[in-house]
Amino acid sequence: MSWPVLTPATARYGADRDAERRSAVPTSSRFRGGPLPSQPVSPLRRLMAPILVLVLAATMFLVARLPSASADTRAEIAGRFAFTELPIELPPGLPERSIRTVNPKYEHIRSWISSVGASIAVNDLDGQGVANDMCLVDTRSDAVIVTPVPDTGATYQPFVVDPAPLPMGSTIAPMGCTPGDFNLDGRMDLLVIYWGRTPVVFLQKEGATALSNDTYQPVELVPQQRTDDGVYRGPLWNTNAVTVADFDGDGRPDIALFNYFPDSQVLDPEGLPNVQMNHSMSHGHNAGGAHVLRWSGATSGDDPTVTYEEQVALDPRYATGWTLGAASADLDGDLLPELYLANDFGQDRFFHNVSTPGRIRFNLAEGVRTPLTPKSLVLGHDSFKGMGVDFADLHSRGRFDMFVSNITESWGLEESNFVWHNTAASPEAAREQLSRGIAPFENRAARRNLAWVGWGWDVKMADFDNSGGLEVVQAAGFIKGDINRFNWLQELAMANDLMLREPAMWPNAKPGDDISGGNPVAFWVREDNGRYVNLSPELGLDEDTPSRGISVADPDGDGAQDIAVARQWGAPAYFRNTRGDSDNHLSLRLSRPALAADGRTPSTTGTSPAYGAHVTITTADGRTQVGQLDGGGGHSGRRSFDVFFGLGDAADRPVSVQLCWRDLNGQTHRQTIDLTAGRHDLLLTDRAEELNRR
């Protein structure tokens, strides 16, 4: 928040305005016999406007910080939850570095440059029917690792996913791993993004019988020439955000990638000195840019392939923000998912999907500002530091809301998280507003006590006690060290934007320096008054190692969702949900027929995730919730493909489930069925059919 400052220039401006007002008085209003005599302007009058602004700002500040929950209330709410941390097994012998080698121009801020890359995803990689496998990036070794979820009956040893024989190099580092069936052959693949090269898709081979590095065939997502020495010399992408969805409605998974730094040798100690930083703290538009890739073909077998073609889907004016988070969901009921970009150093962007089969296209939509709404709390007009985003039905109204992490450090860059409350009365109403470029959202973070967490990163909304309401898990923390350097960062934030692009103008951020290094993971739970309380300390989630990615899944199939956390320069963590009674839930595994070996016709045996399938449930007590099969979005954490709902006290009666999906031909289907509590595997063709009844 910026506060008004009274300066001599301000006072002089006030006096000039008074003079203008006196000269503008009509003749009929002047004293008879001559003009209105000059009246001295009192100093108090000159101060009234800034004083009023300060009083209003202070009042809003105090109102926003209502008293927090009492210790008794916190303990009572915490009693609904229980987690046990289990160690994640990693391959032996990996290095444990604590910082990266960087371009010489970044050497004095190498801790800052080394502050991202930890990622985690939980999914069913081995095809056993339950999401009990992990793909994670451990920054200490810069390794992409596949490992079993702890204590779920491992059938393989942890291993590193190796991109050989594709060209690589010592100046390339992985930034994230997204599971998915990218060639639609019914086997789960891995999409890995990097700093220093274009992404790689690791496709499962048909003949593989158990998970290992040999299971996967590495394939260039963007075709590159092979090199004789095995050193990568292609485009220098520096990717930090990805979301996977069927954007054009053809029944195939498309990929949207967003590069943070411009194409340059960020991690090369001998790199060219053409690297740069953001050219503004509030309007940074000089990042690496967006790459939207449309699925165009695939084959399976022991030499599988998948091909994508890049399309200009976003207006270039809005496609070069410093994107750290991206997510998608269908708001207007056409099964074409909208897109949100959480941008560091300036405006987040929200896009209405207006694609047609074969042509991906998004139109910008923005919030509407009211007289009482600060500019930065209007969607698309903020000057904040977007770090992560998630779509979910936070208020159980049958509509997708959004939670966006920002930098909200007290006595630091105290901005605000966003809780974008969906204000559209229906999908049809959303479509009408989106078609006019209006994003139907208003921020309710402060009134929900969700505005401030520290230095936020990834975020996931999920129901961990099966009450029918969602909790919020949020990664946090930046650089861990011994000396607080936030004063330097504050000076940087107040610097002239013209200076920021040049790395030499940035203050030191080296090993030993600390910037929000002690922020723990937050676990937000709703109170009866509608506000949220962070129960991380009560639940043992408050380890102060900076975290980055959050994944949510039910790996042991006990009906209680667990949490996996990727930590920056620390061991990843896994928290098993041990709350006990877990029968009051509905878990849906939604699939479509896979493609045959030719990559064109439906398979008669295998199944593939039903990307973008939309689910609305109505329980016997009249509550409505909405969810989707999320193909992968956020900052660096990926939830499993299971669509999960807590049922609260209504688990003893059937649940009305409305399913909406696209088949492999892109045709839309809708069907309403009644299901009992528990897990259900549904095959979606032209109708929904439960697999265990086939």
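The chain carries the name UnbV in an unreviewed UniProt entry, which gives Micromonospora megalomicea subsp. nigra as its organism.

Draft legend 1. Region of interest: the overall build of the chain. Along the chain, the regular secondary structure elements total 7 helices and 40 strands. Residues counted as buried form 57% of the 694 residues belonging to the chain. Here the analysis covers contacts within the chain between residues at least 6 apart in sequence; of these, 64% occur between residues at least 24 apart. In the structure as shown, the chain presents an accessible area of about 27,600 Å², 52% of it carried by carbon and sulfur atoms.

Draft legend 2. Focus on the sheet that holds strand 21 (residues 441-443). Pairing in this open sheet of 4 strands is antiparallel, and the strands run 18-19-20-21 from one edge to the other. At either end of the open sheet lies a strand with only one pairing partner, and these are strand 18 (388-392) and strand 21. Direction aside, the axes of adjacent strands within the sheet are offset by 20 degrees on average. Pairing analysis gives 3 bridges linking strand 19 (residues 401-405) to strand 20 (residues 418-422), with the strands arranged antiparallel. Considered in strand 20, the bridge of F403 is made with V419.

Draft legend 3. Looking closely at the state of the cysteines. According to the stated counting rule, one finds 1 disulfide in the structure shown. A sulfur-sulfur separation of 2.0 Å characterises the disulfide bridge that pairs C135 with C177. Where C135 bonds to C177 through sulfur, the torsion about that S-S bond is close to 105 degrees, and the disulfide is right-handed. Pair noted here: C135 is in strand 3 (residues 133-138) and C177 is in strand 6 (residues 173-180), with a separation of 42 residues, a long-range link. With relative accessibility at 0%, the residue C135 sits in the buried group. Given a relative accessible area of 2%, C177 falls into the buried group.

Draft legend 4. Just the sheet that holds strand 14 (residues 322-329), in detail. The strand order across the open sheet built from 4 strands is 14-15-16-17, with neighbouring strands paired in antiparallel fashion. Looking along the sheet, the strands with just one partner apiece sit at the ends: strand 14 and strand 17 (362-365). Strand-to-strand, the axes of this sheet are offset by a mean angle of 25 degrees, without reference to chain direction. The pairing of strand 16 (residues 349-353) with strand 17 spans 4 bridges and is antiparallel. Looking at strand 17, one finds that N353 is bridged to F362.

Draft legend 5. Representation of the layout of surface pockets within the structure. Approximately 600 Å³ is the volume found for the second largest pocket. Lining the second largest pocket are 31 residues, and of these D124, G127, Q128, G186 and R589 lie nearest its centre. Mapped onto the lining of the second largest pocket, the elements with two or more residues apiece are strand 31 (585-595) and strand 32 (602-609). Taken together, the residues of the lining of the second largest pocket sort by class into 12 nonpolar, 11 polar and 8 charged.

Draft legend 6. Summary view of the pairing of strand 9 (residues 216-220). The buried fraction of strand 9 is high, at 4 of 5 residues. Relative to strand 9, strand 8 (residues 200-204) is paired through 5 bridges, and the arrangement is antiparallel. Within strand 9, the position partnered with Q204 by the bridge is Y216.

Draft legend 7. Expanded view of the confidence of the model for the chain. Here the chain averages 91 in pLDDT, and 90% of its residues register 70 or above. Taken as a whole, residues 1-38 scores under 50 in pLDDT and shows 24 contacts with residues more than four places along the chain or in a different chain.

Draft legend 8. Structural context of the side chain of R444. Within the fold, R444 resides in the loop between strand 21 and strand 22 (456-462). Residue classification places R444 among the buried positions, given a relative accessible area of 17%.

Draft legend 9. Highlighting helix 5 (residues 427-435). Here helix 5 has its buried residues at A430, Q433 and L434. Seen from one end, helix 5 has its buried residues packed into an arc of 100 degrees, which puts them on one side. Tucked inside the fold, the buried residues of helix 5 contact strand 15 (338-344), strand 16 and strand 17. Following helix 5 by one or two positions, G437 adopts a phi angle in the positive range, close to 80 degrees.

Draft legend 10. Geometry of the side chain of D458. Turning to its location among the elements, D458 is positioned in strand 22. Taking the relative accessible area as the measure of exposure, D458 reaches 0% and is therefore buried. Within the local environment of D458, its side chain forms a polar contact with the backbone nitrogen of G637, the two atoms lying 2.9 Å apart. With residues up to four places along the chain from it excluded, the contact list for D458 reads S405, V473, Q474, A475, R548, G549, I550, G634, H635, S636 and G637.

Draft legend 11. Broad picture of the packing of aromatic side chains. With the rule as written, the count across this model stands at 25 aromatic pairs. Between F83 and F464, the ring centres sit 6.0 Å apart and the planes meet at 70 degrees, which makes this aromatic pair edge-to-face. With F83 in strand 1 (residues 83-86) and F464 in the loop between strand 22 and strand 23 (471-476), this pair connects stretches of sequence that are 381 residues apart. With respect to class, F83 is no different from F464; both count as buried. Ring centres of F83 and F523 lie 5.6 Å apart, and the angle between their planes is 70 degrees; on these two criteria the pair is classed as edge-to-face.

Draft legend 12. Just the pairing of strand 36 (residues 643-646), in detail. Burial along strand 36 is two-sided: V643 and F645 and F644 and G646, pointing in opposite directions, are all buried. For strand 31 and strand 36, the ladder comprises 4 bridges, and the chain directions are antiparallel. Bridged to L586 within strand 36 is F645.

Cut-off values and rules
- Residues numbered from 1 in each chain as written.
- Predicted model: local features only at pLDDT ≥ 70, side-chain atom pairs only at ≥ 80, totals over all residues.
- Heavy atoms only, no water.
- Helix = DSSP H or I, 4+ residues; strand = E, 2+ residues; numbered from the N terminus.
- Buried < 20%, exposed > 50% of the residue type's maximum accessible area, 1.4 Å probe, protein only.
- Contact = heavy atoms within 4.5 Å.
- Areas by Shrake-Rupley, 256 points an atom, 1.4 Å probe, with all protein chains shown as cover.
- Pairing = 2+ DSSP bridges.
- Axes fitted to C-alpha atoms, helices over the stretch in contact; angles between N-to-C directions.
- Disulfide = S-S within 2.5 Å.
- 1 Å grid on protein atoms, 1.4 Å probe; cavity = no way out; pocket = protein on both sides within 12 Å on 5 of 7 lines; lining within 4 Å.
- Points joined across faces, edges and corners; volume = space filled by probe spheres on them.
- Nonpolar A, V, L, I, M, F, W, Y, C, P; charged D, E, K, R; others polar.
- pLDDT = per-residue confidence, 0-100.
- Arc of directions from axis to C-beta.
- Polar contact = N/O pair within 3.5 Å; in protein donor to acceptor, adjacent residues only side chain to side chain.
- Phe/Tyr/Trp six-rings, centres within 6.5 Å; stacked < 30°, edge-to-face > 60°.

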